[in-house]
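# Commentary on secondary and tertiary structure
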Amino acid sequence: LGRVECGYYDRGECRSCTVIEVPYARQLARKQELVRELVDAHGAPRWLEPVASAERGFRNKAKMVVSGTVERPLLGILDRDGHGIDLTGCGLYPPQLLAAMPALRRIIGEFGLTPYDVPARRGELKHLLLTISPDGELLLRFVLRSAKLLGRIREHLGLLLQALPGLRVVTANLQPEHQAVLEGPVEHVLTDGDSLSMPINGIPLRLRPRSFFQTNTEVAAALYRQAVEWARELEPAEVVDLYCGVGGFALWSAAGSDDG
């Protein structure tokens, strides 16, 4: 099979996917080779087949830099000069997530959310962070320079929920520094709910705004299944899930144990 087609890459607008010209099967084989080179020298374990991902539409989270103007906002990335490149048709995102992008652009204009201009160091709205669950529910985070627009977003929250029917959690994160930092330490939850349900293999994980979660839901599910299989083979008395994020490995290990 050939490489994934991407108009943004072909036009030179986005080169974030640095190995896109390499067919995916070859990428996967090369990664396997690199891991073997590191590990085989320490014992040559039994190798399983790598878990392949879908090549398109696999990311459950979009991290969109907001640029442009209130009248014509751009959602995507910045070029080297700090000017915006719109990526609202990026093939990494599933169709349901892409379908939310026009509504988000419209909301920026209707609510008067001034995009942050990096070269000029003015404006308020820096990023939109949108996460989708396997059930199609959404978590939306506004990353703002200050609390200046907080009241305006709260005031129009009902319109926002109408524009995005699957929206369950809305927050505003404050990131005041002029730095290439995605988010700041302060988070304001604007909806009654503060976590997104992420059902994986029948277990509903709860994803809070600042929680870590794998951006590839299907690969995360495969990781959990494999971990449980190993745990059953070893029959450990205890399992410790370090740096656990939403606790997927621990919850799945508990569910897969003989005593439940």
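Up top is the structure.
The text that follows walks through the structure, step by step, so that each part is easy to find.

Here glutamate 235, not a glycine, exhibits a phi torsion of approximately 50 degrees, which is positive. Even without being glycine, tyrosine 243 reaches a positive phi, approximately 50 degrees. Note that tyrosine 243 resides in the loop between helix 7 (217-234) and helix 8 (248-256).

This brings us to the nonpolar core. Leu128, Phe142, Leu144 and Leu160 are the most contacted members of the largest nonpolar core, which totals 42 residues. Counting residues per element, the ones that place at least two in this core are helix 1 (7-10), strand 1 (61-68), helix 4 (101-111), strand 4 (125-132), strand 5 (138-144), helix 5 (150-155), helix 6 (157-163) and strand 6 (167-174). It is helix 4 that contributes the most residues to this core, six residues altogether. If we skip the residues at most four places from it in the chain, phenylalanine 142 touches Leu113, Leu125, His127, Leu128, Ile153, Leu160, Val170, Thr171, Ala172 and Asn173. Ranked by size, the runner-up nonpolar core spans 15 residues in total, among them Leu196, Ile203, Ala220 and Val228.

A separate point is the pairing of strand 8 (residues 196-200). Buried residues dominate strand 8, accounting for four of its five residues. Where strand 8 lies against strand 9 (residues 203-207), five bridges are found, and the strand directions are antiparallel. Across the sheet, the residue bridging to serine 197 is arginine 206, located in strand 9. Between strand 8 and strand 9, which pair antiparallel in sequence order, lie two residues; one of them, asparagine 201, sits at a positive phi of approximately 55 degrees.

This paragraph deals with the pattern of salt bridges. Tallied over the entire structure, the rule returns eleven salt bridges. With its nearest N and O atoms 2.9 Å apart, the salt bridge here joins arginine 141 to glutamate 183. Here arginine 141, found in strand 5, pairs with glutamate 183, found in the loop between strand 6 and strand 7 (186-189); they are 42 residues apart in sequence, far enough to count as distant. Residue classification places arginine 141 among the buried residues on the basis of a relative accessible area of 2%. Among the ionic pairs, arginine 210 bridges to glutamate 183, the shortest N-O distance being 3.4 Å. Of this pair, arginine 210 sits in the loop between strand 9 and helix 7 while glutamate 183 sits in the loop between strand 6 and strand 7; the two residues are 27 residues apart in sequence, bridging distant segments of the chain. A residue is classified by how much of its surface remains accessible, and arginine 210, at 44% relative accessible area, is partly exposed. On the basis of relative accessibility, which here comes to 23%, the residue glutamate 183 falls in the partly exposed class. In this structure, a network of salt bridges that share partners links the residues Arg141, Glu183, Glu187 and Arg210.

Within the fold, tyrosine 116 resides in the loop between helix 4 and strand 4. Between the C-alpha atoms of tyrosine 116 and valine 169, which are 53 residues apart in sequence, the distance is 23 Å. When sequence neighbours within four positions are dropped, the list of residues in contact with tyrosine 116 reads Val66, Ser67, Arg121, Arg122, Gly123, Glu124, Leu125, Lys126, Arg145 and His178.

One turn of the α-helix equals 3.6 residues, which is why residues spaced by three or four share an orientation. Relative to the 26 Å expected for 18 residues at 1.5 Å per residue, helix 7 spans 26 Å between its end C-alpha atoms, a close match to the ideal helical length. If you check which residues of helix 7 are buried, you get Thr217, Ala220, Ala221, Ala222, Tyr224, Ala227, Val228 and Ala231. Residues of helix 7 that are buried in the fold lie against strand 8, strand 9 and helix 8. Phi turns positive, to about 50 degrees, at glutamate 235, one or two residues after helix 7.

Rules used throughout
Residues numbered from 1 in each chain as written. Predicted model: local features only at pLDDT ≥ 70, side-chain atom pairs only at ≥ 80, totals over all residues. Heavy atoms only, no water. Helix = DSSP H or I, 4+ residues; strand = E, 2+ residues; numbered from the N terminus. Core = buried A, V, L, I, M, F, W, Y, C linked by side-chain atoms within 4.5 Å. Buried < 20%, exposed > 50% of the residue type's maximum accessible area, 1.4 Å probe, protein only. Contact = heavy atoms within 4.5 Å. Pairing = 2+ DSSP bridges. Salt bridge = Lys/Arg side-chain N within 4 Å of Asp/Glu carboxyl O. Expected span 1.5 Å × (residues − 1).

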